[in-house]
Amino acid sequence: MAKNYEVDNTDLKILEILMQDAKKPFTEVARKVSVSQGTVHVRMNKLEEAGIVEKTTLRINYAKIGYDITAFIGIYLEKSALYDQVLTKLREIPEVTNIHYTTGNYSMFVKIHCRDTNHLKQVLHDKMQQVDGIDRTETMISLEESLDRNLKLTD
């Protein structure tokens, strides 16, 4: 399958439904889109092969399992050439859930989840700030996540 798969309105409708509930059975998706279950299955396979659909995951409410702190870390690199090296090390830190290479003030922007402020301090001091190539960090603690959604793909 070519990586330049042409996405059409049927694909977008299928994606829109599954982004709301990835566990929704293909039979129900097919009924809502007015296509066969086989069509949904084939199109999802094509979307995966094209790299449009990368993975299916669960959305976890981390606070309900004891991770009460969500923080964003702005990372200043000693030099931008160290990005790949730092990225490799940050991926090894289990509390890190998102890593972005950015423009602006920070070279990297990272999201982490910690049990409490002591755990946050330990992750910052004992793990992140020990990574060679990180010059300094700035931490912002999230008080509340007010919105987390996918893009709307159809009108």
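Here is a short report on the structure shown in this document. Computed from a prediction, not measured in an experiment: that's the story for all the values here. (Residues numbered from 1 in each chain as written. Predicted model: local features only at pLDDT ≥ 70, side-chain atom pairs only at ≥ 80, totals over all residues. Heavy atoms only, no water.)

### Comments concerning the sheet that holds strand S3 (residues 108-114)
What the four strands build is an open sheet, ordered S2-S3-S1-S4; its pairing is antiparallel. Only two strands of the sheet have a single partner each, and these edge strands are strand S2 (96-101) and strand S4 (134-142). With strand direction ignored, the average angle separating the axes of adjacent strands in the sheet is 20 degrees. As defined by bridge partners, S2 adjoins S3 across five bridges and the pair is classed as antiparallel. The partner of Val-96 across the bridge, within S3, is Ile-112. In the packing of helix H5 (residues 117-127) onto the sheet, the strands contacted are strand S1 (69-77), S3 and S4, and the crossing angle to S3 comes to about 140 degrees. (Pairing = 2+ DSSP bridges. Helix = DSSP H or I, 4+ residues; strand = E, 2+ residues; numbered from the N terminus. Axes fitted to C-alpha atoms, helices over the stretch in contact; angles between N-to-C directions. Contact = heavy atoms within 4.5 Å.)

### Points about unusual backbone geometry
Residues other than glycine seldom take positive phi values, yet Ser-34 does so here, at roughly 65 degrees. With respect to the element layout, Ser-34 can be found in the loop between helix H2 (26-33) and helix H3 (37-49). When its relative accessible area of 65% is taken as the criterion, Ser-34 is described as exposed. (Buried < 20%, exposed > 50% of the residue type's maximum accessible area, 1.4 Å probe, protein only.)

### Examining the layout of surface pockets
Quantified by volume, the largest pocket comes out at close to 1900 Å³. Around the largest pocket, the lining is made up of 44 residues, and of these Thr-57, Leu-58, Arg-59, Asp-148 and Asn-150 lie nearest the centre. Listed by contribution, the elements that provide at least two residues to the lining of the largest pocket are helix H1 (9-20), H3, S1, S2 and S3. For the lining of the largest pocket, the element with the most residues is H1, which contributes five residues. Considered class by class, the residues forming the lining of the largest pocket number 18 nonpolar, 12 polar and 14 charged. (1 Å grid on protein atoms, 1.4 Å probe; cavity = no way out; pocket = protein on both sides within 12 Å on 5 of 7 lines; lining within 4 Å. Points joined across faces, edges and corners; volume = space filled by probe spheres on them. Nonpolar A, V, L, I, M, F, W, Y, C, P; charged D, E, K, R; others polar.)

### Structural notes on the environment of Lys-24
Following the sequence through the fold, Lys-24 ends up in the loop between H1 and H2. For Lys-24, the contacting residues outside a window of four places in its chain are Ile-17, Leu-18, Val-29 and Lys-32. Reaching out from Lys-24, the side chain makes a polar contact with the side chain of Glu-28 at a distance of 3.2 Å. (Polar contact = N/O pair within 3.5 Å; in protein donor to acceptor, adjacent residues only side chain to side chain.)

### A few points about the packing of aromatic side chains
Across all of its chains, the model carries four aromatic pairs by this definition. Measuring from centroid to centroid gives 3.9 Å for Tyr-83 and Tyr-101, while their planes differ by 25 degrees, and the two rings are stacked. A residue pair is termed long-range when its members are at least 10 positions apart, and Tyr-83 in helix H4 (residues 83-90) and Tyr-101 in strand S2 qualify at 18 residues. The class of Tyr-83 is buried, set by a relative accessible area of 13%. (Phe/Tyr/Trp six-rings, centres within 6.5 Å; stacked < 30°, edge-to-face > 60°.)

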